Amino acid sequence: MKNLPKNPFHPGEMLLEEFLKPGEITQMAFAKRVGWTRARLNEFIKGKRGVTADGALDLAAATKTTPKLWMNLQATYDLVQALQRRKVA
């Protein structure tokens, strides 16, 4: 597990910082673009909701990336969170 980042960012944070803010895209506009509710997008951005395979397809199409990018970000985030929980327990 040496190759994992110590503090990975949630994929929602990446969406916000790398796509929405630089593109000056509102959450409302982006939610409409991907066919999500604004509440779902906001929960994703705040890290309260993870990305699913279907969500990764939506995000990839809207950001001109790949679904694998979003799934890998989520898997890395989830794995580090699980490892940190085990260290605490």
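So, about unusual backbone geometry. Although it is not a glycine, Glu 24 adopts a positive phi angle of roughly 50 degrees. With respect to the element layout, Glu 24 can be found in the loop between α1 (11-23) and α2 (27-34). Positive phi outside glycine occurs at Lys 64, with the angle close to 55 degrees. Looking at where Lys 64 falls in the secondary structure, it is placed in the loop between α4 (53-63) and α5 (67-88).

This part takes up the packing of aromatic side chains. By the definition in use, this model includes two aromatic pairs. Judged by centre distance (5.9 Å) and plane angle (50 degrees), the rings of Phe 19 and Trp 70 are tilted. Of this pair, Phe 19 sits in helix α1 while Trp 70 sits in helix α5, placing them 51 residues apart in sequence.

For the rest of this paragraph, the subject is α5. Over its 22 residues, α5 runs 32 Å from end to end, which matches the ideal 32 Å to within 8%, given 1.5 Å per residue. Within α5, the full set of buried residues consists of Trp 70, Leu 73, Gln 74, Tyr 77 and Val 80. Looking straight down α5, one finds that the buried residues subtend no more than 135 degrees of arc, so they occupy a single side. With respect to the buried face of α5, the exposed residues turned more than 90 degrees away are Lys 68, Arg 86 and Lys 87. Next to the buried residues of α5 lie α1, α3 (38-45) and α4.

Attention shifts here to the nonpolar core. Counting residues in each nonpolar core, the largest one holds 17 residues, and the members touching the most others are Leu 15, Phe 30, Leu 41, Phe 44, Leu 59 and Trp 70. Counting residues per element, the ones that place at least two in this core are α1, α2, α3, α4 and α5. Counting residues per element, this core draws most heavily on α4, at four residues. Beyond its immediate sequence surroundings of up to four residues, Phe 44 is in contact with His 10, Pro 11, Gly 12, Leu 15, Trp 36, Arg 49, Gly 50, Val 51, Leu 59 and Gln 74.

So, on to the environment of Pro 5. As for its position among the elements, Pro 5 is in the segment before α1. Between the C-alpha atom of Pro 5 and that of Leu 41, which follows or precedes it by 36 residues, the distance is 25 Å. The contact partners of Pro 5, leaving out residues within four places of it in the chain, are Thr 76 and Val 80.

This part takes up the packing of α2 against α3. Contact pair α2 / α3: the axes reach a minimum separation of 9 Å and the direction vectors enclose 110 degrees. Taken together, the axes of α2 and α3 lie roughly perpendicular to each other. Within the contact between the two elements, α2 uses Gln 27, Met 28, Phe 30 and Ala 31 and α3 uses Arg 38, Leu 41, Asn 42 and Ile 45. Grouping the amino acids of the contact of α2 with α3 by side-chain chemistry returns five nonpolar, two polar and one charged.

So, how was this worked out
- Residues numbered from 1 in each chain as written.
- Predicted model: local features only at pLDDT ≥ 70, side-chain atom pairs only at ≥ 80, totals over all residues.
- Heavy atoms only, no water.
- Helix = DSSP H or I, 4+ residues; strand = E, 2+ residues; numbered from the N terminus.
- Phe/Tyr/Trp six-rings, centres within 6.5 Å; stacked < 30°, edge-to-face > 60°.
- Expected span 1.5 Å × (residues − 1).
- Buried < 20%, exposed > 50% of the residue type's maximum accessible area, 1.4 Å probe, protein only.
- Arc of directions from axis to C-beta.
- Contact = heavy atoms within 4.5 Å.
- Core = buried A, V, L, I, M, F, W, Y, C linked by side-chain atoms within 4.5 Å.
- Axes fitted to C-alpha atoms, helices over the stretch in contact; angles between N-to-C directions.
- Parallel < 35°, antiparallel > 145°, perpendicular 65-115°, else oblique.
- Nonpolar A, V, L, I, M, F, W, Y, C, P; charged D, E, K, R; others polar.

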